Amino acid sequence: MKTLLIKVDPENPSAEALAEAAEILKAGGTVVFPTETVYGLGGDATHSESAEKIYAAKGRPSDNPLIIHIARPEDAEAYAVTGKLYYRLARHFMPGPLTVILPKKDTIPLTVTGGLDSVAVRCPAHPVALKLLELTGLPVAAPSANISGKPSPTCAAHVIEDLDCRVDCIIDGGEADFGVESTIVKITGEDSLVLLRPGTVTYDALCCVCADVTVSDNVINKLKENERPICPGSKYRHYAPDKPLTLVGGSDEARIAFFAERQKEGAVIICYDEQAAKLMPDSVITIGAGDDLEAQGHRLFAALRECNSLEGKCVFANLPSTDGFGLALYNRLIRAAAHTVVYPDQI
Ligand code: AMP
Ligand code: MG
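Here the residue numbering is sequential within each chain, running from 1 through the sequence in written order. For this description, chains carry letters from A and ligands carry numbers from 1, given in the order in which they are written. Totals for whole chains, interfaces and linings use all residues, but because this is a predicted model, local features are given only for residues with pLDDT of at least 70 and pairs of side-chain atoms are given and counted only at 80 or more. Computation of side-chain values covers all heavy atoms of the structure but excludes hydrogens and water.

**Some words on the overall build of the chain**
We count a stretch as a helix when DSSP gives it H or I for four or more residues in a row; a strand needs E for two or more, and each element gets its number in order from the N terminus. Across its full length, the chain holds 10 helices and 16 strands. The globule rule is 2.2 Å times the number of residues to the power 0.38, and the radius of gyration it is compared with is taken over C-alpha atoms. For the chain, the C-alpha radius of gyration of 20 Å lies close to 20 Å, the compact-globule estimate for 347 residues. Along the three orthogonal principal directions, the C-alpha set of the chain runs to about 55 × 45 × 40 Å. The classification of residues rests on relative accessible area computed with a 1.4 Å probe and restricted to protein chains. Under 20% of the type maximum is buried, over 50% is exposed, and intermediate values are partly exposed. Here the chain, with 347 residues, has 55% of them falling under the buried criterion.

This is the structure we're talking about:
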């Protein structure tokens, strides 16, 4: 398959530039587009065959459901059973990096929801994503545009690495703003929800809008044997570099000393800017200052991809705190590391 590459102005994309991509979506094809979180691999969400093309292009297991993207929060009415809490969340966080899981209507095929009777809905804030959705007039199913298991793509180069010749079109709209995927919540009652995947919309922000917010156990902890998660995606390995990754907790001094020792043995280190000065530069990848969680989110997936091009048999990175947006970084890294954590203070 030949992939059409379209470059657009991320701030102010013209309708002409996106017209061909919109036609491809309407005809049942696949189009990768930038969003404010990561790049998404889109197809018509009302069409089983489009969903099948998405699963095939990503190599994604078909029981791992897709998020549908809509141009306006109220567009959800046609595809899901909404309610007061949905509209309260929409008023505060949409358009933006929040996905809400709701009971599904028959307009969305079961192929899109991995056989579930619920559907995940998101209204993205990125000008390119919004304009594309407006032009198609369709709900667009779009998981992250990476090969299943790899880190999510935050720029067109990552997408091309994974999906060139596997999709009909890739829209290059520069770097994604946030760099980690949307926060996912499932509405469980009139004023209650479960946080299934942390993101830029934090636990504290959700608590300002909803009285009862529970964090799913799978956000931090490993799935128990034979456990069926509410969020099917959490049972699959994700975000991993090609080399095994270990997270390092404990005091600053102990972590630096540990990183320096592992470097001598040939490991790659993903660290904070201020830690890099104390390490050998060749095998270090920095992701921003230790207290700049936004910068870290923006760089994290690119850093996990960069590990693959450096020599070294294994990778070490700081174990993030779980406060605020840190919970999203913790959730992605703990899964990339398959829950392998060491505390050098305790060795
Ligand atoms: P991605 O599209 O790659 O960002 O991943 C989407 C995540 O949303 C996956 O982990 C899915 O399992 C999850 N998801 C999508 N739809 C649903 C749903 N109806 N119920 C629970 N989780 C969902
Ligand atoms: Mg994904």
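**A closer look at the packing of aromatic side chains**
Pairs were defined over the aromatic rings of Phe, Tyr and Trp, the Trp ring being its six-membered one, requiring ring centres within 6.5 Å. Orientation was assigned from the angle between planes: stacked under 30 degrees, edge-to-face over 60, tilted for the rest. Within the structure shown, the criterion is met by 3 aromatic pairs. An angle of 15° between the planes, with centres 5.3 Å apart, marks the rings of tyrosine 239 and phenylalanine 301 as stacked. Here phenylalanine 301 lies in helix α9 (residues 293–306) and tyrosine 239 lies in the loop between β11 (212–215) and β12 (245–248), a separation of 62 residues in the sequence. Since its relative accessible area comes to 1%, tyrosine 239 is described here as buried. A ring is scored as having a charge over it whenever the NZ atom of a lysine or the CZ atom of an arginine sits within 6 Å of its centre and within 35 degrees of its normal. Taking the ring centre of phenylalanine 258 as reference, the NZ or CZ of arginine 262 above it sits at 4.5 Å.

**Focus on helix α1 (residues 15–26)**
Three or four residues apart is the spacing at which side chains of an α-helix point the same way, because the helix has 3.6 residues per turn. A helix is expected to reach a length of 1.5 Å times the quantity of its residues less one. When the terminal C-alpha atoms of α1 are compared, their 15 Å separation across 12 residues agrees well with the 16 Å that a helix rising 1.5 Å per residue should span. By the burial criterion, the buried members of α1 are Leu18, Ala21, Ala22, Ile24 and Leu25. Seen along its axis, α1 keeps its buried residues to an arc of 155°; they face one direction. Directly beyond the C-terminal end of α1, a positive phi value near 90° is found at glycine 28. Here the arc refers to the set of directions running from the helix axis out to each C-beta atom.

**Digging into the sheet that holds strand β1 (residues 4–7)**
The pairing criterion for strands is at least two bridges between them, as found by DSSP. In spatial order, the strands read β1-β8-β2-β3-β7-β4-β6-β5-β9-β10-β11; together these 11 strands make up an open sheet with mixed pairing. The outermost strands of the open sheet, each flanked by one partner alone, are β1 and β11. Both strand β10 (residues 192–197) and β11 contribute to a ladder of 4 bridges, which runs parallel. Within the sheet, the bridge partner assigned to leucine 193 lies in β11 and is valine 213. Note on definitions: a residue-residue contact is assigned when non-hydrogen atoms from the two residues lie within 4.5 Å. Every angle, taken between N-to-C directions, lies between 0 and 180 degrees, and every axis is a line fitted to C-alpha atoms, over only the stretch in contact when it is a helix. Running at roughly 145° to strand β2 (residues 31–33), helix α4 (residues 127–136) makes contact with β2, β4 (67–69), β7 (140–141) and β8 (169–172) of the sheet.

**Thoughts on the pairing of strand β5 (residues 98–103)**
Most of β5 is tucked away, with 5 of its 6 residues classed as buried. As defined by bridge partners, β5 adjoins strand β9 (residues 183–189) across 4 bridges and the pair is classed as parallel. When the bridges of β9 are listed, isoleucine 101 appears paired with lysine 186. Pairing of β5 with strand β6 (residues 118–122) involves 5 bridges; the strand directions are antiparallel. For proline 103, the partnering residue across the bridge sits in β6 and is serine 118.

**Comments concerning the pairing of β9**
The pairing of β9 with β10 spans 5 bridges and is classified as antiparallel. Within β10, the residue paired with valine 185 across the bridge is leucine 195. Counting the residues between successive antiparallel strands, the hairpin from β9 to β10 contains 2 residues.

**Re the site of ligand 1**
Any residue with a heavy atom lying within 4 Å of a molecule or strand is counted as near it. Taken together, 18 residues lie near ligand 1, and Asn64, Ser118, Pro143, Arg197 and Gly233 sit nearest. In the model, a nitrogen atom of ligand 1 is placed 3.0 Å from a nitrogen or oxygen of the serine 118 side chain. Within the contact set of ligand 1, an oxygen atom lies 2.9 Å away from a side-chain nitrogen or oxygen of arginine 197. Accessibility throughout is a Shrake-Rupley quantity obtained with a 1.4 Å probe, and a residue counts as covered only by protein chains that appear here. When the free accessible area of ligand 1 is taken as 500 Å², the share hidden by the protein chains comes to 95%. Tallying contributions element by element places β6 first for the shell around ligand 1, with 3 residues. Three classes are used, and their members are as follows: Ala, Val, Leu, Ile, Met, Phe, Trp, Tyr, Cys and Pro are nonpolar, Asp, Glu, Lys and Arg are charged, and the others, Gly among them, are polar. In terms of residue class, the shell around ligand 1 is built from 12 nonpolar, 4 polar and 2 charged. Under the rule applied, a polar contact is a pair of N or O atoms within 3.5 Å (in protein, one hydrogen donor and one hydrogen acceptor; residues adjacent in sequence only if both atoms are side-chain atoms).

**Description of the side chain of lysine 58**
One can find lysine 58 in helix α2 (residues 48–58). Lys and Arg are tallied as positive, Asp and Glu as negative. Neither His nor the chain termini are counted. By convention in these notes, a salt bridge is any Lys or Arg side-chain nitrogen within 4 Å of a carboxyl oxygen on Asp or Glu. With no salt bridge to any partner, buried lysine 58 finds its closest opposite charge in aspartate 162, at an N-O distance of 7.5 Å. Excluding anything up to four places from it in sequence, lysine 58 contacts Leu41, Pro143, Ser144, Asn146, Ile147 and Ser148.

**Remarks on the nonpolar core**
Core analysis: the biggest nonpolar cluster contains 45 residues, and Val32, Ile68, Leu89, Val121 and Leu206 have the highest contact counts within it. Residue assignment for this core shows that the elements contributing at least two residues are α2, α3 (84–93), β5, β6, α5 (156–163) and β10. Those residues in contact with leucine 89, other than ones at most four positions away along the chain, are Met94, Leu98, Val100, Val185, Ile187, Leu193, Leu206 and Val209. Counting 26 residues, the second largest nonpolar core, distinct from the first, contains Val180, Tyr272, Ile287 and Cys307. Residues enter a nonpolar core if they are buried and are Ala, Val, Leu, Ile, Met, Phe, Trp, Tyr or Cys, with the set joined through side-chain atoms within 4.5 Å.

**Quick word on unusual backbone geometry**
The omega angle of the peptide bond from methionine 94 to proline 95 is -5°, so this bond is cis rather than trans. Within the fold, proline 95 resides in the loop between α3 and β5. Backbone geometry places cysteine 165, a non-glycine residue, at a positive phi of 70°.

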